[in-house]
Amino acid sequence: MRTTAEKTNSLPVHGGLNYAELQSIGLCPEDVLDFSASINPLGTAPGVSEAVQRVPADIYPDPSCLQLRQALGRHLGIEPGSILVGNGSTELIHLIARAFLSYGDTVVIFAPTFAEYEAACRLQSVTPVFISSKKDEGFRWDMPKALNIIADQKAAAVFVCNPNNPTGIHLKEQEVRQIAETMDKCGLLVLDEAYRSFVDECWPSHPLLCMENVLLLRSMTKDYALAGLRLGYMLASDAIVRQVGQYQYSWSVNAPAQAAGIAALSQQEHVELGRQMVVASKKFLRSALSVIGLECIPSTANFLMIRVGEAARIRLELLKKYKICVRDCGSFGLPDYIRVGVRNKQDSRQLVQALKEVVSDKDG
């Protein structure tokens, strides 16, 4: 069997509030405590909002995002020509698939993971091969087995989310290098680093770009809390940036998003304070949830997977009864788990109390 997932016509499932669902059960979005999205718990830095408000609405945005790419280049020590900005990293995932994948190609995806990798492949008539982790192995992948599969398949592309969504597993530098070397420049390694800012001991990944078959995806919606504006970027060789950029629609990144990105890059202390809050809240959540008998999977990112049993039912009960939204992991093939984005301790206490009552009702 080439894949662990069946082809469907449904759209990928994501975190974030479902406004139609809230309306159907009589809830206002502003009344819901959202743990389903994994965003900097401090929210957007104040200076970013001011920058957005100064953007004139009657002027077209720069289609090349030049000023933002220059700001990113200064921040990262990378030439602007090696950066492509997108309408969130999701747009970039689909652009990469359009630029490099076609019918007959083989793509390998490290799973369970972000659904957009598979969606982008299938739109190019490519059926991916999944390398799946197992709970009894701590949701870590068997790397020797994975490398053999990649070599045997002669993969045109490999998608790796690092740290991984939803498990929070973070591959070491040597493990990632082994994947790229196994591909032997015949295919692309797409390393999605949307959550890297929340990793305590995060190794520098941009030197991997010297391997030429590696590209890095970053999301500014998570660490800078710009989810409503949609902003992400790709780091790659100039040749890959040009190839992918040919498929991007004009003005896909709006002017407020570009202004927000530039302003956010000057707010690194805000990101660090958010990371520290995540560390403290994760520690609290794991301890408090263990007391009520709920297992948390150790995570390097700003979210936790919690084993609750009937995740879809518990998610709905939390929403209806407690106005708390979590992500159930059924779409990841993990129907016993919910995923919660880490918020501040006060919000986390509300979540723990609600879960305690929901689990108690279930057991009773």
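The structure we're discussing is the one just above.
Nothing here was measured: the structure is a model prediction, and the numbers come from that model. (Residues numbered from 1 in each chain as written. Predicted model: local features only at pLDDT ≥ 70, side-chain atom pairs only at ≥ 80, totals over all residues. Heavy atoms only, no water.)

The subject of this paragraph is the pattern of salt bridges. Counted according to the given criterion, the structure contains 13 salt bridges. Across the pair Lys-135 and Glu-295 runs a salt bridge whose closest N-O atoms are separated by 3.5 Å. Residue Lys-135 is found in the loop between strand E4 (129–132) and helix H6 (143–153), and its partner Glu-295 is found in strand E9 (residues 295–297); the two are separated by 160 residues along the sequence. Residue classification places Lys-135 among the partly exposed positions, given a relative accessible area of 34%. Taking relative accessible area as the criterion, Glu-295 reaches 33% and is therefore assigned partly exposed. Its salt-bridge partner being Arg-218, residue Glu-193 comes within 2.7 Å of it at the nearest N-O pair. One end of the pair, Glu-193, is in the loop between strand E6 (188–192) and strand E7 (214–219); the other, Arg-218, is in strand E7, with 25 residues separating them in the sequence. One network of salt bridges, in which partners are shared, links Glu-193, Arg-196 and Arg-218. (Salt bridge = Lys/Arg side-chain N within 4 Å of Asp/Glu carboxyl O. Helix = DSSP H or I, 4+ residues; strand = E, 2+ residues; numbered from the N terminus. Buried < 20%, exposed > 50% of the residue type's maximum accessible area, 1.4 Å probe, protein only.)

Now for the sheet that holds E9. Read from one edge of the open sheet, four strands run E9-E10-E13-E12, paired in antiparallel fashion. Across the chains shown, the open sheet's two edge strands, defined by having one partner strand only, are E9 and strand E12 (327–328). Where strand E10 (residues 303–307) and strand E13 (residues 337–341) come together, five bridges link them in antiparallel fashion. Residue pairing across strands places Ile-306 opposite Ile-338, the latter belonging to E13. Helix H11 (residues 268–291) rests against E9 and E10 of the sheet, and its axis sits at about 10° to E10. (Pairing = 2+ DSSP bridges. Contact = heavy atoms within 4.5 Å. Axes fitted to C-alpha atoms, helices over the stretch in contact; angles between N-to-C directions.)

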